[in-house]
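Listed below are the residues making up each chain.
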Amino acid sequence: MKIAIIGGGAAGFIAGISAAAKNSRARITLFEATRKPLDKVRISGGGRCNVTHNCFDPLELVKNYPRGAKELLGPFSRFQPREIIAWFEAHGVLLKTESDGRMFPVTDKSETVVNCLLDAARESGVEVRLGARVKNIESCSENSKSPEFEIKLSDGARQKFDRVLLATGNSPQGYRFSAALKHEIVSCVPSLFTFKINDARLKGLAGVSFENATLTLENSSKRKLEQSGPLLITHWGLSGPAALKLSAWGARELHEYNYHCKLKINFLPGYNSNQIYSAIAEYKMQNGRKRIHSASPVVLPRRYWGQIAGVSGVSETDTWSGISRATMNKIVSELSGAVFMICGKGIFKEEFVTCGGVKLSEVDFKTMQSKRCPGLYFAGELLDIDGVTGGFNFQSAWTTGWIAGERMVE
Ligand SMILES: Cc1cc2nc3c(=O)[nH]c(=O)nc-3n(C[C@H](O)[C@H](O)[C@H](O)COP(=O)(O)OP(=O)(O)OC[C@H]3O[C@@H](n4cnc5c(N)ncnc54)[C@H](O)[C@@H]3O)c2cc1C
């Protein structure tokens, strides 16, 4: 049985390795367009590679996928973080867990992961062809029992295969091949980005962070787009887990609004306006002679409190005894529902994933085989699946790649 894997990223390599482990008679060729296989693994996680996340309950795990949650539930019950951790361990790569659940190799070097996958592919007999860009794929047989494909490389060479796995990531060529083989491509837009915001309240505060804030997109869609978590002020706007998660869940809407949208922030989630007002009123009673700017009456970075007091009309010398009810109300609304205007998207450590890709209803997630073209399989980012930041994107590549590899050699 001749197997072609197109794309030498996380999904393609793990698929080749799992196919070889399942069927030692299969002849597996992996075509990688560049001379740098596993390049995204190499550069990921700031050169440390955030391999996966320590979340072992498939029902919890799928909650991290704005697209693909329903479809990944079955695959995660067969191959999830536990399996990839064990696989790497069996191949000499130990992973460690950071406080937020992200998992990295103990070496803190992505090269460890890259070398492990390259060695495992070589030892399993997978033929890895670098600089081998696939230009065209034709299905030569409609017979589901004996599918046949002809692959044409950019140097003109042609080769026939019984099964083909597309694992081309977000490359436009992969979408083109999929479309030519009868698949619908859900339009692609970026996911995982930071928010550009030009607002006096954030000026000069780059580096100030909030332990927990709730961000809500004020948009016209029916879906409530809201995420909570740590938030960071940057030179150009807002970043941090809460902003990144919101960019992923709201990727389509934000693209639709051309990245111009109102953003509401609750800096004190868990407290309602009345509770915040009462806390401020009590602080006022006990600290009448203190300057308002000198300390925050609620848990908030002091520099941001100064900014809020300023925009609420409080001068540097005003004391609590003289604060009006109207000013207190203004402060409460700045704390519980401050409105900012997003005016563009920024990058997050150059990490991004694509929202969109091969339509999921056209793929059988038990096997990762196409429902439209027998013998054709899909894995990784090429599919309309993406996760939030934290190792979830690699996990979906490991899972879909592993299953596709095993099932395509049966
Ligand atoms: C800077 C950065 C950092 C990231 N960090 C993380 C992280 O820490 N954790 C995480 O979970 N996710 C991270 N991601 C996302 C993660 O890298 C991707 O989700 C994952 O790499 C997808 O794997 P893949 O195998 O599907 O695609 P890819 O890794 O993109 O691999 C596809 C391969 O196919 C090849 N190819 C394309 N077209 C052809 C063709 N016609 N012929 C032959 N070969 C072809 C490409 O050259 C490429 O090597 C990061 C992404 C970026 C950009």
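In this text, all values refer to a predicted model and were calculated from it rather than measured experimentally.

Chemist: Can you help me understand the sheet that holds strand β7 (residues 134-141) in this one?
Modeler: Hydrogen bonds along the backbone pair up the strands of a sheet, which may run parallel or antiparallel. A sheet is described by the order of its strands in space; here three strands give the open sequence β7-β8-β9, paired in antiparallel fashion. The open sheet has two free edges, formed respectively by β7 and β9 (158-161), since each of these has just one partner strand. Averaged over all pairs of adjacent strands, the angle between strand axes in this sheet comes to 20°, irrespective of strand direction. With six bridges joining them, β7 and strand β8 (residues 148-153) adopt antiparallel strand pairing. The residue bridging Ser-139 from the neighbouring strand is Phe-149, located in β8.

Chemist: Would you explain the site of the ligand in this entry?
Modeler: Around the ligand, the surrounding shell holds 37 residues, and the nearest of these are Gly-7, Gly-9, Ser-44, Gly-169 and Gly-380. Broken down by secondary-structure element, the contributors of at least two residues to the shell around the ligand are α1 (10-22), β2 (27-32), α2 (39-47), α7 (172-180) and α13 (392-408). A per-element tally of the shell around the ligand places α2 first, with five residues. Here the residues of the shell around the ligand sort into 14 nonpolar, 16 polar and seven charged.

Chemist: Any chance you could explain helix α4 (residues 69-78) here in plain terms?
Modeler: The periodicity of an α-helix, 3.6 residues per turn, causes residues three or four places apart in sequence to face the same way. Buried residues of α4: Glu-71, Leu-72, Pro-75 and Phe-76, and no others. Along α4, the residues classed as buried sweep out an arc of 125° about the axis, all on the same side. In α4, the exposed positions angled more than 90 degrees off the buried face are occupied by Lys-70, Gly-74 and Ser-77. As for α4, its buried residues are in contact with α3 (58-61) and α13.

Chemist: Hey, could you run me through the domain arrangement of the protein chain in this one?
Modeler: Interface extent is often summarised as the accessible area lost during association of the parts. With domains assigned, the protein chain is organised as domain 1 (2-189 + 353-408) and domain 2 (193-347). Listed as interface residues are six residues of domain 1 and, on the opposing side, seven residues of domain 2. In the side of domain 1 that touches domain 2, the residues fall into four nonpolar, one polar and one charged.

Chemist: So what exactly am I meant to see when it comes to unusual backbone geometry here?
Modeler: Where the residue is not glycine, phi is negative for most of them; where a peptide bond is considered, it is trans in most cases. Unusually for a residue other than glycine, Leu-192 sits at a positive phi of about 65°. Here the phi dihedral of Tyr-259 falls at roughly 60°; this positive angle occurs in a residue that is not glycine. Assignment of secondary structure puts Tyr-259 in the loop between α9 (251-256) and β16 (261-266). According to the C-beta neighbour criterion, Tyr-259 is partly exposed, with 17 such atoms within 10 Å.

Chemist: Looking at this structure, I do not really get the sheet that holds strand β4 (residues 95-97). What am I missing?
Modeler: Strand order in the open sheet formed by three strands is β3-β5-β4, and the pairing between neighbours is antiparallel. Sheet topology places β3 (52-53) and β4 at the edges, where each strand pairs with a single neighbour. Of the strand pairs in this sheet, β3 and strand β5 (residues 102-105) are connected by two bridges, and their pairing is antiparallel. Bridged to Thr-52 within β5 is Met-103.

Chemist: Would you mind going over helix α12 (residues 325-336) with me for this structure?
Modeler: In this model, α12 (twelve residues) spans 16 Å end to end at C-alpha, consistent with the 16 Å of a helix rising 1.5 Å per residue. Of all the positions in α12, only Ile-331, Val-332, Glu-334, Leu-335 and Ser-336 are classed as buried. Buried residues belonging to α12 abut β16, α10 (273-286), α11 (302-311) and β17 (338-346).

Chemist: Explanation requested: the packing of α10 against α12 in the structure shown.
Modeler: Packed helices, taken two at a time, are described by their axes: the angle between them and the distance between them. Axis separation between α10 and α12 bottoms out at 10 Å; the angle between their running directions is 130°. Regarding the angle of α10 to α12, the classification is oblique. The hand of the α10/α12 crossing is right-handed. Here Ser-273, Ile-276, Tyr-277 and Ile-280 of α10 come into contact with α12, specifically with Met-328, Ile-331, Val-332, Leu-335 and Ser-336. Partitioned by chemical class, the residues of the contact of α10 with α12 number seven nonpolar, two polar and no charged.

Calculation notes
- Residues numbered from 1 in each chain as written.
- Predicted model: local features only at pLDDT ≥ 70, side-chain atom pairs only at ≥ 80, totals over all residues.
- Pairing = 2+ DSSP bridges.
- Helix = DSSP H or I, 4+ residues; strand = E, 2+ residues; numbered from the N terminus.
- Axes fitted to C-alpha atoms, helices over the stretch in contact; angles between N-to-C directions.
- Near = placed C-beta within 6 Å.
- Nonpolar A, V, L, I, M, F, W, Y, C, P; charged D, E, K, R; others polar.
- Buried ≥ 20, exposed ≤ 12 C-beta atoms within 10 Å, placed from the backbone.
- Arc of directions from axis to C-beta.
- Contact = placed C-beta atoms within 7 Å.
- Domains from an automatic or database assignment.
- Expected span 1.5 Å × (residues − 1).
- Parallel < 35°, antiparallel > 145°, perpendicular 65-115°, else oblique.
- Left-handed = near helix turned anticlockwise from the far one by under 90°.

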